[in-house]
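Listed below are the residues making up each chain.
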Amino acid sequence: MWIDGKSVPARSGKTFLRESPGHGITVGEYPLADRHDVDSAVAAARRAFDTGPWPLLSGADRSKVLWQTAEIIRARKEDLALTETLESGKPIKQARDEMEWSAALWDYAGALCRHLHGDSYNSLGSQVLALTVREPIGVVAMITPWNFPLLIISQKLPFALAAGCSAVIKPSELTPGTTLKLGEILAEAGLPDGVVNIVSGYGDPSGIALSEHPEIDMISFTGSTEVGKAVVGASQRNLKKVELELGGKNPHLVFADADLEAALDAVVFGVYFNMGECCNSGSRLLVQNDIADEFVSRVIETAKRIPVGDPLDERTKIGAIIDENQFNKILGYIESGNRAGARLRVGGGQLPQVTGRFIEPTVFDAVQPEMAIAREEIFGPVLSILTFDTKEEAIRIANSTIYGLSAGVWTRDIDTAFAVSRGIRAGTIWINTFMDGYPELCFGGFKQSGLGRELGRFSIEEFTELKSIQVHLGPRTNLWAR
Ligand code: NAD
């Protein structure tokens, strides 16, 4: 683990192993944190925050560390990408891209370091000048999932550091490799000891210990909606601030007037990218009835051609499924789709492979809005297709889940595009594109997809407290005691 600027074992001496989902061999052995290790990590972060120097440095000095981190991530791209591919099963080419996207987030947050500012009031009368200042919120715990390990921590950590916070991070037990390497990278970039601490281990006990911990001021969690709710419950102990990035069941709407060639590619990319193990996955296709038959046939033809297999093969687009639980969960949803009367058009099973866990790209049509495969997050390469006649109906179906993370709309009609964008309750809407992202644009969910926002210029403010400072100028007037 990484505590107070040093690589350390667990106090108990225990470790746990990680197997490659695509190869079935052990690719990592990591210290198994318990509550004592979490306490040490929190104590180091607390010291680094309470005694400085990090929170007191100028934005200019903090930005140098963040930019240097971006450079080192780029320089170590191959090594980091290989670790992610071996631990997560994602295709190696995609993993390399994710290292670049991660570095870009450190660059952007570096620029924000000098942007953080408050407000002043010179309008409260001749004897008053008042300031509203932003201060770093304190020690932030960050708990992350396995699907985009370095990318997701890079959506949080640089912004918290830019604000002047210190942190304790718990990556997923399935993919701790690159987050632990980030500890060394930050030290090399010049981050003072104790500002970032990383514990490896399971949700129970280390994630729970962080969520409950009285010395932590804020928790930034990315993961499932179910665990997000548990984190909110545990946070009550000291009323820490909670920011949540949770699940999604994102609708992808295709109208008859769209550029269907472009929409086809985006639909297939949207659902099968990262094996569908993606919070933003466009796992529900809503297609207008006039074009449904032809468009669905083309989706099926395209799905059949996508290369599935060894994540280390440069041609692979769909790699391996993260673990046995997830694998069985996906197959369970496929069975539920069949049972509910949806029509399985392609895929639906395990890919015959010597080793590793692979699921064929799967398409169901004739899906009804009330079916589980239309409402629940499957987190696998499974597309559920529904149809609609009017934009009002499309918006109603799109909104008929507990989630509100993102949505896509394909049309050449500007009125339709904006009616849908306004009508769908989700944090991100893509018009004639899907799953693009930029550090400048905020990201997060409506409804049960989350609380708060990451990225964009506001994200740094999530990691601050506001303080009002009021100054009385000149002699005291309206004396109270007289
Ligand atoms: P998960 O909720 O099972 O686990 C996430 C993290 O929480 C892991 O580090 C885990 O060890 C930890 N954890 C587990 N139980 C805990 C507890 N009781 N208290 C505190 N921490 C605990 O999620 P996952 O399976 O790793 O990831 C998949 C989920 O993440 C999906 O639902 C997906 O939609 C969501 N996700 C959301 C976003 C987003 O930005 N909205 C991004 C990626 C993934």
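It should be noted that the structure appears before, not after, this text.
Below you will find a few notes about this structure.

What counts and what doesn't
- Residues numbered from 1 in each chain as written.
- Predicted model: local features only at pLDDT ≥ 70, side-chain atom pairs only at ≥ 80, totals over all residues.
- Heavy atoms only, no water.
- Core = buried A, V, L, I, M, F, W, Y, C linked by side-chain atoms within 4.5 Å.
- Buried < 20%, exposed > 50% of the residue type's maximum accessible area, 1.4 Å probe, protein only.
- Helix = DSSP H or I, 4+ residues; strand = E, 2+ residues; numbered from the N terminus.
- Domains from an automatic or database assignment.
- Contact = heavy atoms within 4.5 Å.
- Near = heavy atom within 4 Å.
- Polar contact = N/O pair within 3.5 Å; in protein donor to acceptor, adjacent residues only side chain to side chain.
- Arc of directions from axis to C-beta.
- Patch = residues over 30% accessible without salt bridge, like charges linked within 9 Å, V, L, I, M, F, W, Y side chains within 5 Å.
- Areas by Shrake-Rupley, 256 points an atom, 1.4 Å probe, with all protein chains shown as cover.
- Salt bridge = Lys/Arg side-chain N within 4 Å of Asp/Glu carboxyl O.
- Pairing = 2+ DSSP bridges.
- Axes fitted to C-alpha atoms, helices over the stretch in contact; angles between N-to-C directions.

**Side note on the nonpolar core**
Move 1: If you look at the biggest cluster of nonpolar residues, it comprises 114 residues, and the most contacted ones within it are Leu 157, Leu 161, Val 254 and Phe 295.
Move 2: No other element matches the 10 residues that helix α5 (residues 149-163) contributes to this core.
Move 3: Each of domain 1 (2-246 + 449-468) and domain 2 (251-431) contributes no fewer than three residues to this core.
Move 4: Other than its neighbours up to four places away in sequence, Leu 157 contacts Trp 106, Met 142, Ala 167, Ile 169, Leu 182, Leu 186 and Val 196.
Move 5: Counting 24 residues, the second largest nonpolar core, distinct from the first, contains Val 38, Phe 49, Ala 209 and Val 231.

**Overview of the site of the ligand**
Move 1: Close contacts around the ligand come from 28 residues, with Thr 144, Glu 173, Ser 224, Leu 246 and Glu 377 the closest.
Move 2: Lys 170 has a polar side-chain atom sitting 2.9 Å from an oxygen atom of the ligand.
Move 3: Here an oxygen atom of the ligand sits 2.6 Å away from a polar atom, N or O, in the side chain of Ser 224.
Move 4: Contributions of two or more residues to the shell around the ligand are made by α7 (203-212), β10 (218-222) and α8 (225-235).
Move 5: Considering every element that reaches the shell around the ligand, the biggest residue donor is α7, with four residues.

**Points about helix α14 (residues 414-423)**
Move 1: Restricting attention to buried positions, one finds in α14 the residues Thr 416, Ala 417, Val 420 and Ser 421. Here the buried residues of α14 occupy an arc of 130° about the axis, which is enough to place them on one side. Seen from the open side of α14, the exposed residues pointing more than 90 degrees away from its buried face are Ile 414, Asp 415 and Arg 422.
Move 2: The distance from a side-chain oxygen at the start of α14 to the backbone nitrogen of Asp 415 is 2.7 Å, and the residue carrying that oxygen is Asp 413.

**Overview of a nonpolar patch on the surface**
Move 1: A cluster of nonpolar side chains, namely Leu 129, Leu 131, Ile 469, Val 471 and Leu 473, defines an oily patch on the protein surface of about 330 Å² accessible area.
Move 2: Elements that contribute at least two residues to the nonpolar patch include exactly β6 (128-136) and β22 (464-472).
Move 3: Checked against the element boundaries, Ile 469 lands in strand β22.
Move 4: Residue Ile 469 is classed as partly exposed on the basis of its relative accessible area, which comes to 35%.

**Some remarks on the sheet that holds strand β5 (residues 119-121)**
Move 1: If you trace the three strands from one edge of the open sheet to the other, you get β5-β6-β22, paired in antiparallel fashion. The sheet is open, and its two borders are formed by β5 and β22, each paired with just one other strand. Averaged over all pairs of adjacent strands, the angle between their axes in this sheet comes to 20°, without regard to strand direction.

**Observations concerning the pairing of strand β16 (residues 382-388)**
Move 1: Taking burial as the measure, the seven residues of β16 include six buried ones, the bulk of the element.
Move 2: Pairing of strand β13 (residues 284-288) with β16 involves five bridges; the strand directions are parallel. Its bridge partner lying in β16, Leu 285 is registered against Ile 385.
Move 3: By the bridge criterion, three bridges tie strand β15 (residues 362-365) to β16 in an arrangement that is parallel.

**Considering unusual backbone geometry**
Move 1: That bond from Gly 52 to Pro 53 is cis: its omega, 10°, falls within 30 degrees of zero.
Move 2: Looking at the element boundaries, Pro 53 is found in the loop between α1 (35-51) and α2 (59-75).
Move 3: With an omega dihedral of 20°, the bond running from Asp 204 to Pro 205 counts as a cis peptide bond.
Move 4: If you trace the backbone, Pro 205 turns up in helix α7.
Move 5: One non-glycine residue, Met 435, lies in positive phi territory at about 60°.
Move 6: Tracing the backbone through its elements, the reader meets Met 435 in the loop between β19 (428-431) and β20 (446-447).
Move 7: Phi at Asn 478 is positive, roughly 50°, even though this residue is not glycine.

**A word on the environment of Ile 397**
Move 1: Residue position: Ile 397 is located in helix α13 (residues 391-398).
Move 2: Taking the C-alpha atoms as reference points, Ile 397 and Pro 251, 146 residues apart in sequence, are found 8.7 Å from one another.

**Some points on the pattern of salt bridges**
Move 1: Under the defined criterion, the tally for this structure stands at 27 salt bridges.
Move 2: Taking the shortest distance from any N to any O, the salt bridge between Arg 74 and Glu 71 comes out at 3.2 Å. Placement of the pair is Arg 74 and Glu 71 together in helix α2, with a separation of three residues, close to one helical turn.
Move 3: The class for Arg 74 is partly exposed, based on a relative accessible area of 27%.
Move 4: Given the relative accessible area of 43%, Glu 71 is considered partly exposed.
Move 5: Two residues, Glu 314 and Arg 96, come together in a salt bridge whose shortest N-O distance is 2.8 Å. Taken together, the positions of Glu 314 in the loop between α10 (292-305) and α11 (324-340) and Arg 96 in helix α4 (residues 92-112) put the pair 218 residues apart, joining distant regions of the chain.
Move 6: The partly exposed category is assigned to Glu 314, whose relative accessible area is 40%.
Move 7: Classification of Arg 96 as buried rests on a relative accessible area of 18%.
Move 8: Overlapping salt bridges bring together Glu 71, Arg 74, Lys 77, Glu 100 and Asp 107 as one network.

**Concerning the side chain of Glu 277**
Move 1: Here Glu 277 is to be found in the loop between α9 (260-272) and β13.
Move 2: Setting aside chain neighbours within four positions, we find Glu 277 in contact with Trp 146, Asn 147, Phe 148, Ala 320, Ile 321, Ile 322, Gln 326, Phe 379 and Gly 380.

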